[in-house]
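Observations on chain architecture
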Amino acid sequence: MKKDTTIFGLIDQELDRQQRGAELIASENFVSQQVMDAMGSVLTNKYAEGLPHKRYYGGCEIVDQVEDIAIDRVKQLFGATWANVQPHSGSQANAAVMLGVLKPHDKILGFDLAHGGHLTHGSSVNFSGKIYTPSFYGVEKETGRIDFNKIEDIARKESPKLIIAGASSYSRDWDYKTLREIADRNNAILLADISHPSGLIAAGLLNNPLPHCHVITSTTHKTLRGPRGGVIMMGEDFENPMGYTTMKGRVKRFSEVMDGAVFPGTQGGPLEHVIAAKAVAFGEALDSSYGAYCKQVVANAQALASAMTNLGYEIISGGTDNHLMLIDLRPKDAELTGKTAEKTLEHVDITINKNAVPFETRSPMVTSGIRLGTPALTTRGLKEAEMGLIAGLINKALENRENEAILKQVKSEVNELMAQFPLY
Ligand code: DSN
């Protein structure tokens, strides 16, 4: 076959974009060459519906070993007793948990998307808000933090069958112990979606939900620095509280319900090439160097938050415990929207995303905030000193957003800085 120069030309352009730019999207990272090699391997050719050693296809003896290793490594990484590494993404992992735990129209209680939650935690435009009946908790206006004790008032009023912890733009740690007590008192299952901070949890830098939550979901491509994908885990397996039975009448274990909810419940054939890449990434995260990387991610986030604060920007909750921060632009510049900030920074090769802030007054397509994260820049080797430089460049671009000459100068400063930290 003739090489597809159109697509490979675009891939080269994307590599150049990634090389020259400062990547501050909190949910992105740069995987190692061996993670990419595993993803681009012959394993993409294999169908393997089912679980290792219980497949619906022949010829699975090699992919069984790959998937077993991925499962073993992720269990070791988080201290889990059970894991399913087949979810194609974090959203698919959440869909499987909900299918396993809930019936259509059952009540769920999640963190409000407008306060930093996720679409799959009950948003009206997502399956989770269309199939199930959501209610939400949020942050306190004065502190920008969740008051975990207040969640109980909502749980008592709403009686949700599932309570969801986890966020996509919340910079503080979670009190899983209190949430489990609330879940137990209100007969709810507790799901922690740790897609964003999972790497930092594995490195022991944040509270671990495994001992407290019934079930845990995560993506594998954010702080965990693996391929795009998802995983479901359990700290302790137990007899299924929903009372599902096998065809022979035996009460199923929760892990059996979860496995069935992934396949055949919500997915077909697993992506064994991606599962191989997950195994490689989990192996990298088990290496002692990964802990140092995660510590630097947090140190960089704190340095960036403090530099942005010194430049007059307001960080929601006043700082960060993890890899990201949410900035309300209004106190610095009432005219500056998240949409304009994202576009301006893209123009100077700094990639961020606009983000709604708690108690937002603008539409989700405009917003009053931006979200910044440090996992990707930290992988490239940037440290606290460079975070000060990045904050200065962001500020210079935003303050001079109408001045093309200054924007051009900022862009070349960004490109020069990033050239000192080569990627691949
Ligand atoms: N899109 C992801 C993020 O940026 O946080 C969440 O799914």
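Okay, so let's go over this structure. For every chain, the first residue of the written sequence is number 1, and numbering continues from 1 onward in sequence order. Under the rules for a predicted model, residues below a pLDDT of 70 receive no local features and side-chain atom pairs below 80 are neither given nor counted, while totals for whole chains, interfaces and linings still include all residues. Side-chain numbers here rest on the full set of heavy atoms in the structure, without hydrogens or water.

**So, the site of the ligand**
Any residue with a non-hydrogen atom lying within 4 Å of a molecule or strand is treated as near it. Every residue lining the ligand is accounted for by Ser27, His118, Ser168, His196 and Arg371. With respect to the ligand, the side chain of Ser27 contributes an N or O atom lying 2.7 Å from an oxygen atom. Whenever two N or O atoms come within 3.5 Å, that pair is a polar contact, provided that in protein one can donate a hydrogen and the other can accept it, and provided that, for residues adjacent in sequence, both atoms are side-chain atoms. Arg371 places a polar side-chain atom, nitrogen or oxygen, 2.8 Å from an oxygen atom of the ligand. Taking 230 Å² as the accessible area of the ligand by itself, protein coverage stands at 61%. A 1.4 Å probe that fits into a set of points on a 1 Å grid over the protein atoms alone but cannot get out defines a cavity; an open set with protein on both sides within 12 Å along at least five of seven lines defines a pocket, and lining residues are those with an atom within 4 Å of a point. Should more than half of a molecule's atoms lie within 2 Å of a pocket's or cavity's grid points, that molecule is taken to sit in it. Judged by its atoms lying within 2 Å of the grid points, the ligand is housed in the largest pocket. All amino acids are sorted into three groups, where Ala, Val, Leu, Ile, Met, Phe, Trp, Tyr, Cys and Pro are nonpolar, Asp, Glu, Lys and Arg are charged, and the leftover types, Gly among them, are polar. For the shell around the ligand, the class distribution of residues is no nonpolar, four polar and one charged. Accessible surface is estimated by sampling points in the Shrake-Rupley manner with a 1.4 Å probe; for residues, cover comes only from the protein chains shown.

**A short note on the environment of Arg55**
Helical segments are the DSSP runs of H or I of at least four residues, strand segments are the runs of E of at least two, and each set is numbered from the N terminus. Tracing the backbone shows Arg55 in strand β3 (residues 54-55). Judged by relative accessible area, Arg55 falls into the buried class, the value being 15%. Contact partners of Arg55, with chain neighbours within four places excluded, come to Ala48, Glu49, Gly50, Cys60, Val63, Asp64, Glu67, Gln86, Pro270 and Glu272. Side-chain polar atoms of Arg55 contact the backbone oxygen of Ala48, separated by 2.9 Å. Burial here depends on accessible area, computed with a 1.4 Å probe over protein chains only, as a share of the maximum for the residue type. Under 20% is buried, over 50% is exposed, and the range in between is partly exposed. Whether two residues are in contact is decided by their heavy atoms, any of which lying within 4.5 Å being enough.

**Some remarks on the sheet that holds strand β7 (residues 162-165)**
Strands pair in a sheet through their backbones, by hydrogen bonds, and they do so in one of two ways: parallel or antiparallel. When DSSP locates at least two bridges between a pair of strands, those strands are taken to pair. In spatial order, the strands read β4-β10-β9-β8-β7-β5-β6; together these seven strands make up an open sheet with mixed pairing. Looking along the sheet, the strands with just one partner apiece sit at the ends: β4 (82-84) and β6 (133-137). On average, each strand axis in the sheet is inclined to that of its neighbour by 20 degrees, with strand direction left out of account. Here four bridges tie β7 to strand β8 (residues 189-193), and the two strands are oriented parallel to one another. For helices, the fitted line uses only the C-alpha atoms of the stretch in contact; every axis is such a line through C-alpha atoms, and the angle between N-to-C directions lies from 0 to 180 degrees.

**Thoughts on the nonpolar core**
Core analysis: the biggest nonpolar cluster contains 59 residues, and Phe78, Ile146, Trp174 and Met233 have the highest contact counts within it. The greatest single-element share of this core, amounting to eight residues, is contributed by helix α10 (residues 272-286). Setting aside its immediate chain neighbours within four residues, Phe78 contacts Ile194, Ser198, Ile201, Ala202, Asn208, Leu210, Leu224 and Met233. Joining through side-chain atoms within 4.5 Å is the link that ties buried Ala, Val, Leu, Ile, Met, Phe, Trp, Tyr and Cys residues into a set, and such a set is a nonpolar core. By size, the runner-up hydrophobic cluster in this structure holds 36 residues, among which are Ala307, Leu336, Ala391 and Leu393.

**Side note on the pattern of salt bridges**
Each reported salt bridge corresponds to a side-chain nitrogen of Lys or Arg within 4 Å of a carboxyl oxygen of Asp or Glu. Counted by the stated rule, this structure contains 25 salt bridges. One salt bridge connects Glu158 with Lys157, and the closest N-O pair in it is separated by 3.8 Å. By relative accessible area, Glu158 is classed as partly exposed at 21%. For Lys157, a relative accessible area of 68% puts it in the exposed group.

**Comments concerning empty space enclosed by the protein**
Grid points are joined across faces, edges and corners, and a volume is the space filled by probe spheres set on the points. One pass over the full model with this rule turns up three cavities of 30 Å³ or more. Tyr170, Arg172, Trp174, Pro197 and Asn322 are, among the 17 residues lining the largest cavity, the residues nearest its centre. Across the lining of the largest cavity, the residue classes break down as nine nonpolar, five polar and three charged. What the second largest cavity holds in volume is close to 40 Å³. For the second largest cavity, the full set of lining residues is Gly144, Ser169, Tyr170, Ser171, Arg172, Ile316, Ser317 and Leu326. In terms of residue class, the lining of the second largest cavity is built from three nonpolar, four polar and one charged.

**A few points about the layout of surface pockets**
Taken as a whole, the largest pocket holds about 770 Å³ of empty space. Around the largest pocket sit 34 residues that line it, and Leu113, Gly117, His118, Leu119 and Ser168 are the ones nearest its centre. Looking at the lining of the largest pocket residue by residue, the classes come out as seven nonpolar, 19 polar and eight charged. Looking at the second largest pocket, its volume works out to about 600 Å³. Lining the second largest pocket we find 20 residues, and of these Gln18, Asn29, Val31, Met36 and Tyr424 sit closest to its centre. Looking at the lining of the second largest pocket, the elements that each hand over two or more residues are α1 (5-20) and α2 (33-39). A total of seven residues in the lining of the second largest pocket trace back to one element, the largest contributor, which is α1. Its residues placed into classes, the lining of the second largest pocket shows nine nonpolar, five polar and six charged.

**A look at the packing of helix α12 (residues 338-347) against helix α14 (residues 384-399)**
Where α12 contacts α14, the two axes come as close as 9 Å, and the packing angle between them is 115 degrees. Put simply, α12 runs roughly perpendicular to α14. Judged by the sense of rotation from one axis to the other, the crossing of α12 with α14 is right-handed. Residue-level inspection shows Ala341, Thr344 and Leu345 of α12 in contact with α14, the latter providing Ile394, Ala397 and Leu398. Angle categories: roughly parallel below 35 degrees, roughly antiparallel above 145, roughly perpendicular from 65 to 115, and oblique for all the rest. Crossing handedness: left-handed means the near helix sits turned counterclockwise from the far one by under a right angle, and right-handed means the same turn made clockwise.

**Digging into the environment of Gly166**
By the element assignment, Gly166 lies in the loop between β7 and α7 (176-185). Separated by 15 residues in the primary sequence, Gly166 and Glu181 place their C-alpha atoms 17 Å from one another. Residues contacting Gly166, with those up to four places away along its chain left out, are Phe111, Gly117, His121, Tyr137, Trp174 and Asp193.

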